[in-house]
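Here are the chains, one letter per residue:
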Amino acid sequence: MGDLLSVVTSDVQTLFRKEIELAKAGKAAGMCGGAGFAGYMVLLFLSLAAVLGLANVMDGGWASLIVTAVWAVVAAVLYQRGRTQMGMIAVIPGRRTAYRVHPPNS
């Protein structure tokens, strides 16, 4: 009976340690999410500043269109790079999380 109690106590201690580690990881993930949102806000306000700056030398509509076109080019480049990298990853049959990276076709 004493051995069983010792094993259960050890398992409970391990469970609590793992739960604390998981809580720390969750907090870190939340901070990363907050940093992503802050980065988004920085880009939003920089874009607004660019529009207002260009509006000093041209019509505001054209300034907005130029900034939008720049963001469209950035989005297209990021999409293409992401699509290329996704093509290099293949899931190993029978496994959910494991993958192997294929070299790009050159």
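A few points on the structure. Worth saying up front: this structure is predicted, and the values here are computed from it rather than measured. (Residues numbered from 1 in each chain as written. Predicted model: local features only at pLDDT ≥ 70, side-chain atom pairs only at ≥ 80, totals over all residues. Heavy atoms only, no water.)

## Some remarks on the overall build of the protein chain
Point 1. Along the protein chain, the regular secondary structure elements total two helices and two strands.
Point 2. Counting the 106 residues in the protein chain, one finds 5% classified as buried.
Point 3. Entry remark: accessible area of the protein chain is about 9100 Å², with carbon and sulfur atoms responsible for 69%. (Helix = DSSP H or I, 4+ residues; strand = E, 2+ residues; numbered from the N terminus. Buried < 20%, exposed > 50% of the residue type's maximum accessible area, 1.4 Å probe, protein only. Areas by Shrake-Rupley, 256 points an atom, 1.4 Å probe, with all protein chains shown as cover.)

## Focus: the packing of helix H1 (residues 2–55) against helix H2 (residues 60–87)
Point 1. At a minimum axis separation of 8 Å, H1 and H2 run at an interaxial angle of 140°. Taken together, the axes of H1 and H2 are oblique relative to one another. In the crossing of H1 with H2, the sense of the turn from one axis to the other is right-handed. Facing H1, whose interface residues are Leu-43, Ser-47, Ala-50, Val-51, Leu-54 and Ala-55, H2 presents Gly-60, Ala-63, Ser-64, Ile-66, Val-67 and Trp-71.
Point 2. When the residues that make up the contact of H1 with H2 are grouped by side-chain class, the tally is nine nonpolar, three polar and no charged. (Axes fitted to C-alpha atoms, helices over the stretch in contact; angles between N-to-C directions. Parallel < 35°, antiparallel > 145°, perpendicular 65-115°, else oblique. Left-handed = near helix turned anticlockwise from the far one by under 90°. Contact = heavy atoms within 4.5 Å. Nonpolar A, V, L, I, M, F, W, Y, C, P; charged D, E, K, R; others polar.)

## Examining the side chain of Ser-47
Point 1. Among the secondary structure elements, Ser-47 is positioned in helix H1.
Point 2. A residue is classified by how much of its surface remains accessible, and Ser-47, at 16% relative accessible area, is buried.
Point 3. Engagement of the side chain of Ser-47 in a polar contact is seen with the backbone oxygen of Leu-43, the distance being 2.8 Å.
Point 4. In contact with Ser-47, not counting residues within four places along its chain, are Val-67 and Trp-71. (Polar contact = N/O pair within 3.5 Å; in protein donor to acceptor, adjacent residues only side chain to side chain.)

## Description of a nonpolar patch on the surface
Point 1. Among the surface-exposed residues, Val-42, Leu-43, Leu-46, Val-57, Met-58, Trp-62, Leu-65, Ile-66, Val-70, Trp-71, Val-74 and Leu-78 lie close enough to one another that they form a single nonpolar patch of about 1100 Å² accessible area.
Point 2. Mapped onto the nonpolar patch, the elements with two or more residues apiece are H1 and H2.
Point 3. Relative to the assigned elements, Val-57 resides in the loop between H1 and H2.
Point 4. For Val-57, a relative accessible area of 68% puts it in the exposed group. (Patch = residues over 30% accessible without salt bridge, like charges linked within 9 Å, V, L, I, M, F, W, Y side chains within 5 Å. Salt bridge = Lys/Arg side-chain N within 4 Å of Asp/Glu carboxyl O.)

## Digging into the environment of Val-51
Point 1. Summarising the element assignment, Val-51 is placed in helix H1.
Point 2. For the pair Val-51 and Gly-61, spaced ten residues apart in sequence, the C-alpha to C-alpha distance is 8.9 Å.
Point 3. Contacts of Val-51, omitting those with residues within four sequence positions, involve Ala-63, Ser-64 and Val-67.

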